[in-house]
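Architecture at a glance
Listed below, chain by chain, are the residues.
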Amino acid sequence: MFPYFIMLIFCGIPLFFMELSFGQFASQGCLGVWRISPMFKGVGYGMMVVSTYIGIYYNVVICIAFYYFFSSMTHVLPWAYCNNPWNTRDCAGVLDASNLTNGSRPATLPSNLSHLLNHSLQRTSPSEEYWRLYVLKLSDDIGNFGEVRLPLLGCLGVSWVVVFLCLIRGVKSSGKVVYFTATFPYVVLTILFVRGVTLEGAFTGIMYYLTPQWDKILEAKVWGDAASQIFYSLGCAWGGLITMASYNKFHNNCYRDSVIISITNCATSVYAGFVIFSILGFMASHLGVDVSRVADHGPGLAFVAYPEALTLLPISPLWSLLFFFMLILLGLGTQFCLLETLVTAIVDEVGNEWILRKKTYVTLGVAVAGFLLGIPLTSQAGIYWLLLMDNYAASFSLVVISCIMCVAIMYIYGHRNYFQDIQMMLGFPPPLFFQICWRFVSPAIIFLQAQVHRRLPQNPLHFGSLPERNVLLHQLPQRGGVPKHDPPAPPSPARTYKPQVRVREVPRVRRQRSPSLAPLGPPSPKPHPCSAAGPLSWDCPVQNRHSLARSSARLLANSYAAGPEARQWEPAP
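Just so we're clear, the structure is a prediction, and the values are computed from it rather than from any experiment. (Residues numbered from 1 in each chain as written. Predicted model: local features only at pLDDT ≥ 70, side-chain atom pairs only at ≥ 80, totals over all residues. Heavy atoms only, no water.)

1. Side note on the overall build of the chain
Helix and strand content of the chain: 22 helices and two strands. In the chain, the share of contacts with a sequence separation of at least 24, taken over all contacts with a separation of at least 6, comes to 80%. (Helix = DSSP H or I, 4+ residues; strand = E, 2+ residues; numbered from the N terminus. Contact = heavy atoms within 4.5 Å.)

2. Examining the packing of helix H9 (residues 220–234) against helix H11 (residues 254–287)
Two elements in contact, H9 and H11, have axes separated by 10 Å at closest approach and are oriented at 115°. One element, H9, and the other, H11, form an angle in the roughly perpendicular class. Considering only the axes of H9 and H11, their crossing is right-handed. Contacts between H9 and H11 involve Ile230, Ser233 and Leu234 from the first element and Ser262, Asn265, Cys266 and Ser269 from the second. Its residues assigned to classes, the contact of H9 with H11 shows three nonpolar, four polar and no charged. (Axes fitted to C-alpha atoms, helices over the stretch in contact; angles between N-to-C directions. Parallel < 35°, antiparallel > 145°, perpendicular 65-115°, else oblique. Left-handed = near helix turned anticlockwise from the far one by under 90°. Nonpolar A, V, L, I, M, F, W, Y, C, P; charged D, E, K, R; others polar.)

3. Let's talk about the nonpolar core
Core analysis: the biggest nonpolar cluster contains 143 residues, and Met18, Tyr68, Tyr418 and Trp438 have the highest contact counts within it. Of the residues forming this core, the biggest block, 17 residues, is contributed by helix H18 (residues 396–426). For Met18, the contacting residues outside a window of four places in its chain are Met405, Cys406, Ile409, Met410, Tyr418 and Trp438. (Core = buried A, V, L, I, M, F, W, Y, C linked by side-chain atoms within 4.5 Å. Buried < 20%, exposed > 50% of the residue type's maximum accessible area, 1.4 Å probe, protein only.)

4. Observations regarding the UniProt feature "binding site: Na(+)" (unreviewed entry) in the chain
UniProt feature "binding site: Na(+)" (unreviewed entry): in the numbering of this structure it lies at Ser233, Asn265 and Leu330. A stretch of 98 residues holds the annotated residues, and the largest C-alpha distance among them is 12.1 Å, short enough that they meet in one place. Here Ser233 lies in helix H9. For Ser233, a relative accessible area of 21% gives the class partly exposed. Not counting residues up to four positions away in its chain, the partners in contact with Ser233 are Tyr4, Asn265 and Ser269. Tracing the chain through its elements places Asn265 in helix H11. Given the relative accessible area of 23%, Asn265 is considered partly exposed. For Asn265, the contacting residues outside a window of four places in its chain are Ser233 and Leu234. (UniProt positions renumbered as here; feature names shortened; annotations may be inferred.)

5. Let's talk about the environment of Phe277
Relative to the elements of secondary structure, Phe277 occurs in helix H11. The spacing of Phe277 and Gly205 is 72 residues in sequence and 4.9 Å in space, taken between C-alpha atoms. In contact with Phe277, other than residues within four places in its own chain, are Ala202, Gly205, Ile206, Tyr208, Tyr209, Val291 and Ala295.

6. With respect to the packing of H9 against H18
Relative to each other, H9 and H18 sit at 75°, their axes nearing to 8 Å. Considering the angle they form, H9 stands roughly perpendicular to H18. Contact residues: Ala227, Ser228, Phe231 and Tyr232 in H9; Phe396, Leu398, Val399 and Ser402 in H18. For the contact of H9 with H18, the per-class residue count stands at six nonpolar, two polar and no charged.

7. Regarding the state of the cysteines
Summed over all chains, the structure comprises one disulfide. There is a disulfide in this structure between Cys82 and Cys91, and the S-S distance comes to 1.9 Å. On the S-S bond that ties Cys82 to Cys91, the torsion sits near -65°, and the link is left-handed. Residue Cys82 is classed as partly exposed on the basis of its relative accessible area, which comes to 25%. In this structure Cys63 is not part of a disulfide, and its nearest cysteine sulfur, from Cys155, lies 6.1 Å away. Its sulfur unpaired, Cys437 is 7.7 Å from the next cysteine sulfur, which belongs to Cys11. Residue Cys437 is classed as buried on the basis of its relative accessible area of 1%. (Disulfide = S-S within 2.5 Å.)

8. As for unusual backbone geometry
With phi around 55°, Ser27 is a residue other than glycine that occupies positive phi space. Assessed through its relative accessible area of 2%, Ser27 is described here as buried. For Ile315, which is not a glycine, the phi torsion comes out positive at approximately 55°. The topology assignment puts Ile315 in the loop between helix H13 (299–310) and helix H14 (316–350). Taking relative accessible area as the criterion, Ile315 reaches 59% and is therefore assigned exposed.

9. Topic: the pattern of salt bridges
Side chains that differ in charge, positive against negative, can pair when their charged atoms come close. Taken as a whole and judged by the stated rule, the model has four salt bridges. Between Lys221 and Asp225 there is a salt bridge, with its nearest N and O atoms 3.0 Å apart. Note that Lys221 and Asp225 are positioned in helix H9 at a spacing of four residues, about one turn of the helix. (Salt bridge = Lys/Arg side-chain N within 4 Å of Asp/Glu carboxyl O.)

10. Here's the deal with the packing of aromatic side chains
Counted according to the given criterion, the structure contains 41 aromatic pairs. Relative to Phe184, the ring of Phe180 has its centre 5.2 Å away and its plane inclined at 20°; by these criteria the two rings are stacked. For Phe180, a relative accessible area of 43% puts it in the partly exposed group. Residue Phe184 is classed as partly exposed on the basis of its relative accessible area of 23%. With a centroid separation of 5.1 Å and an interplanar angle of 20°, the aromatic rings of Tyr209 and Phe277 are classed as stacked. Taken together, the residues span a long stretch of sequence, with Tyr209 in helix H8 (residues 202–210) and Phe277 in helix H11 at a distance of 68 residues. For the pair formed by Tyr209 and Phe277, the shared burial category is buried. Taken together through their ring pairs, the aromatic side chains of Phe10, Phe17, Phe22, Trp34, Phe40, Tyr255, Tyr418, Phe419, Phe428, Phe433, Phe434 and Trp438 make up a single cluster. (Phe/Tyr/Trp six-rings, centres within 6.5 Å; stacked < 30°, edge-to-face > 60°.)

11. Things to note about H9
Side chains three or four residues apart in an α-helix point the same way, a direct result of the helix having 3.6 residues per turn. Taking 1.5 Å of rise per residue, 15 residues should cover 21 Å, and H9 covers 21 Å from first to last C-alpha, within 8% of that figure. Along H9, the residues that are buried comprise Trp223, Gly224, Ala226, Ala227, Ser228, Ile230, Phe231 and Leu234. (Expected span 1.5 Å × (residues − 1).)

12. Things to note about a nonpolar patch on the surface
Taken together, the side chains of Met39, Val407, Tyr411, Ile412, Leu432, Ile436 and Phe440 present a nonpolar region at the surface, about 700 Å² in accessible area. Elements supplying a minimum of two residues to the nonpolar patch: H18 and helix H19 (432–455). Considering the arrangement of structural elements, one finds Leu432 in helix H19. (Patch = residues over 30% accessible without salt bridge, like charges linked within 9 Å, V, L, I, M, F, W, Y side chains within 5 Å. Areas by Shrake-Rupley, 256 points an atom, 1.4 Å probe, with all protein chains shown as cover.)

Okay, structure coming up:
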């Protein structure tokens, strides 16, 4: 947990504030903001690629949560016992199947079953067999797609329909839905926490969660995982922070928002850890094994270990409904941001009047494309591809994108320019701590992490008989290159091309506002019909943000063409 908080303080919160202020000042999405330095527009495209990857497989996770939610609407959870048609002879549940008829729970496990659970290498839990043999019908090879699981396909369609309906009017509709999806999970977490800490063995699980393993503090992989977790948890480098901040009023205090949201987000993660490990501690106590034997990560924790632990609770279907409903709400909140990021980037990039009026059709098109691209992930080999995308496409690439963005803003656009922009927008410059982190600390930490990660031995995922070199192709978006092979032959002199770049030397002059338009001051004598609170009226209603941003770009271009004496910020008439 120590590396987690270090990365939060020196990388997470500073870069979170940078993205919020960046998007709020420009009032553009993850592509439009790079008008400050068009050569780095590829960073915006990288954010779109990451958001596309995550949006495709994240909704598949939501559809599986929908499936478990619907399956929990029964008197007995289908993964509680080993008497189902899909169970094998190796299945050994933590409950005595003979008590199914009277509904009682054994206080202690029978000696033969306890021995089987603790010492048999062939033991598989009923929740694991339900996950592998019934929900997924897992194939034996990543290349063997088998059939599309129709129940999962139907749940995938439901999840995409819900996401589209919540975003049918853009941030106007999603903003209202988020009030529920962001607050109700706290209610469910609190209910599960109160129930979890009252169970036998909960203290053991919580102590396992809080006890640091100091022998791993110097391992580079631990720090790399902490960085990836911080960036993934806060949403840095997804493009979503820039997109959502672009809809803020120009003088909104994004500094306050960034600190509060970052701390609340990470505190929620820690709080959820108490909820999870209190239940896992109870399960370990029930089985008579160490907590590390029942703890898992990834899909195995959400759909195998924790559901199995819920079967030990009285009225287990109720707790299962609450748990998976919470997962659905958390996933939908993230999916809203991902889809809005892609839609806003497309609308900003095209920028004509038709696409501004027909934004709903763009949202529908992106949702349909996401559904079609997610169909292979609902096949019998879909979970293999989901894990590949999760491990390689959208993990450490977030760290690299954030580093490039930080360097581009601080050293290409200029740190003095950016600090003055923030002072113009907020009325005060960024605190000294953030200035130091943006210029030196955060890029240095991320760069060292990238160098160490590049030299770490890679452990590629092996799925059946698929050759390792094909699996490694999925690392390209993350590792920024191809696996090392023999260098290609040099091009022929007749086919050698030289870059032709026209460079026009123009002295850099800081954009200044007219003295009559001091930041946060009184409105100009000639106010804009929309508002005159900010430069170029960037705090207008949401529906006018695109045309105003284009007007500001044209004004800036005209001012540089007219000469230094005309380079003053003036509101549009």
